[in-house]
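What follows is the residue order along each chain.
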Amino acid sequence: MASPANEGKGLLLKADPIAATFRDEVKTTLTQSTRPPKLVGILATSSAPSRSYAEFTKKQCADLGFDFVLKETGAAVSTDLGEGEGVEEAIIEANEDEGVDGIMVYFPIFGAQQDHYLQQIVSPFKDVEGLHVKFHYNLYHNIRFIKPSSLLSAIPPIPPMVAALESDQPPAGTVKSIIPCTPLAIVKCLEYVRVYNSILPYGDRAYGKIITVINRSEVVGRPLAALLSNDGARVFSVDIDSIQEYTKRPRVTSSTESEATRRYHPRHVVRPSNLTLQECLAQSDVVVSAVPSATYKVKTEWLKDGCVCVNVSSEKNFEKDVREKASLYIPTIGKVTILMLLRNLLRLQQYKQASEAPPQ
């Protein structure tokens with residue numbers, strides 16, 4: 001719930017009421033399944049945060065009625081074994097098990113490059129975290145609806161020619177593409193606090209908003225910037241060595257183009273930005289920070305009055321007085337993220353059923 005400001009004039013909004021709306025949705029969808037989906041979590045390191053997340057996943061699955069199995073390997077089993085030892089074999093085993101509907105691997109394990117390789121080993125039909133390149137391709141090209149059979153093809157789907165969409169309901173014969181669960185959780189939080197304007201057309205409901213996303217990892221920052229800009233926002237993507245601008249609004253309007261094309265590109269375009277972080281923050285309606293560092297802090301004095309701030313990192317990326325400037329501060333989104341993961345799991349079960357159904 002939102003609590004009165006004790007450390008500033010802005011509101012502190014915890015994730016619980018946001019998560020509650022999706023708990024009901026997940027419970028309802030689960031009752032329509034022929035059996036509870038089975039999720040396998042693979043823990044291959046001695047990392048305390050990873051183990052804590054695994055236990056949290058187990059508890060949430062038990063509370064909601066999902067079948068969860070934690071597969072431990074490597075340093076998670078014994079200090080005599082190496083970090084990540086046996087993880088690839090565990091993924092392949094879960095891929096081949098027809099009784100498994102979803103796989104999640106508790107990263108980080110080896111580092112960005114090798115972890116990316118492991119993410120591609122997980123079958124896209126079982127990738128609850130949405131980290132497979134097929135789902136990233138769909139996200140970056142604003143492909144929202146797919147045929148499950150496209151996940152078997154080496155040829156990527158054809159991106160839409162225009163960005164305008166009539167509704168968020170998949171056309172006949174298609175399903176919604178899986179979206180990485182952490183970026184999706186952030187979007188759902190922003191929808192909850194009305195950063196998204198539900199009166200606007202689907203696919204353009206963040207129009208008019210300027211958002212800064214601090215972190216450009218392939219797990220959170222970059223897919224989030226793409227999601228937000230594909231929904232109409234102007235996004236500043238901030239990383240250690242550069243700032244980029246994501247937008248689907250064209251720089252130049254041509255009177256010879258169609259109305260839809262003039263209004264926006266089919267998907268976001270990325271351009272380098274010459275603005276500083278301070279200049280980005282000064283004009284941002286929303287600031288999302290996902291920096292995995294206890295020492296990194298977003299300066300409150302740089303924030304725009306009345307902005308919305310979302311902390312995604314396990315560390316506190318905002319200063320204690322953030323609510324002196326922010327109208328609303330969300331300190332953590334973990335409870336929403338796990339429900340996005342379970343929504344993805346239910347969707348993957350639908351993929352499997354659709355792919356196994358005889359052709360009409």
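For the structure itself, look to the data block above.
What this report covers is the structure whose coordinates are included nearby. (Residues numbered from 1 in each chain as written. Predicted model: local features only at pLDDT ≥ 70, side-chain atom pairs only at ≥ 80, totals over all residues. Heavy atoms only, no water.)

1. Some thoughts on the sheet that holds strand β3 (residues 38-43)
The strand order β4-β3-β5 describes an open sheet built from 3 strands, whose pairing is parallel. In this open sheet, the two edge strands, each paired with only one partner strand, are β4 (67-72) and β5 (102-105). Neighbour-to-neighbour, the strand axes of this sheet turn through a mean angle of 20°, independent of strand direction. By the bridge criterion, 6 bridges tie β3 to β4 in an arrangement that is parallel. Bridge pairing in β4 places Leu 43 opposite Glu 72. (Pairing = 2+ DSSP bridges. Helix = DSSP H or I, 4+ residues; strand = E, 2+ residues; numbered from the N terminus. Axes fitted to C-alpha atoms, helices over the stretch in contact; angles between N-to-C directions.)

2. Points about the pairing of β5
Covered by surrounding structure in β5 are Gly 102 and Met 104 together with Ile 103 and Val 105, the residues of both alternating faces. As paired elements, β3 and β5 share 4 bridges and run parallel to each other. In the strand pairing of β5, Val 40 is matched with Ile 103. (Buried < 20%, exposed > 50% of the residue type's maximum accessible area, 1.4 Å probe, protein only.)

3. So, the environment of Glu 93
Among the structural elements, Glu 93 can be located in helix α3 (residues 87-96). Taking the C-alpha atoms as reference, Glu 93 lies 37 Å from Val 213; in sequence the two are 120 residues apart.

4. A short note on the nonpolar core
Formed by 68 residues in total, the largest nonpolar core has its most connected members in Phe 66, Leu 190, Leu 228, Ile 330 and Tyr 351. Looking at this core, the element that brings in the most residues is helix α10 (residues 334-356), giving 10 residues. For Ile 330, the residues in contact, after removing those within four places along its chain, are Leu 13, Ile 18, Cys 189, Val 193, Cys 309, Val 310 and Asn 311. Counting residues in each nonpolar core, the second largest holds 19 residues, with Ile 210, Ile 243, Leu 277 and Tyr 329 among its members. (Core = buried A, V, L, I, M, F, W, Y, C linked by side-chain atoms within 4.5 Å. Contact = heavy atoms within 4.5 Å.)

5. So, the environment of Ala 172
Looking at the element boundaries, Ala 172 is found in the loop between β6 (145-146) and β7 (175-176). Of the residues examined, Ala 172 reaches a relative accessible area of 80% and is grouped as exposed. Between the alpha carbons of Ala 172 and Gly 232 there is a distance of 26 Å; along the sequence they are 60 residues apart.

6. Describing the packing of α3 against helix α4 (residues 112-121)
Contact geometry for α3 and α4: axes closest at 10 Å, N-to-C directions at 15°. Taken together, α3 and α4 sit at an angle that is classed as roughly parallel. The hand of the α3/α4 crossing is right-handed. Between α3, through Val 87, Glu 88, Ile 91, Ile 92 and Asn 95, and α4, the contact on the second element is made entirely by Tyr 117, Leu 118 and Ile 121. Per-class residue counts for the contact of α3 with α4 are 6 nonpolar, 1 polar and 1 charged. (Parallel < 35°, antiparallel > 145°, perpendicular 65-115°, else oblique. Left-handed = near helix turned anticlockwise from the far one by under 90°. Nonpolar A, V, L, I, M, F, W, Y, C, P; charged D, E, K, R; others polar.)

7. Here's the deal with the packing of aromatic side chains
Each aromatic ring pair is specified by the distance between its two centres and by the angle formed by the two planes. Evaluated as defined, the whole model comprises 2 aromatic pairs. On the numbers, 5.7 Å between centres and 85° between planes, the contact of Tyr 53 with Tyr 106 is edge-to-face. With Tyr 53 in helix α2 (residues 48-64) and Tyr 106 in the loop between β5 and α4, this residue pair connects regions lying 53 residues apart in the sequence. Geometrically, the ring pair formed by Phe 318 and Tyr 329 is edge-to-face, given 5.7 Å between the ring centres and 70° between the ring planes. Of this pair, Phe 318 sits in the loop between β13 (308-311) and β14 (328-330) while Tyr 329 is found in strand β14, placing the two residues 11 residues apart along the sequence. Using a relative accessible area of 4% as the deciding quantity, one classes Phe 318 as buried. Take Tyr 329: its relative accessible area is 9%, and that puts it in the buried class. The positively charged end of Arg 144 is found above the aromatic ring belonging to Tyr 202, 5.1 Å away from the centroid. Looking at Arg 222, its charged tip hangs above the ring of Tyr 140, at a distance of 3.9 Å from the centre. (Phe/Tyr/Trp six-rings, centres within 6.5 Å; stacked < 30°, edge-to-face > 60°. Lys NZ or Arg CZ within 6 Å of the ring centre and 35° of its normal.)

These figures come from the coordinates and say nothing about function on their own.
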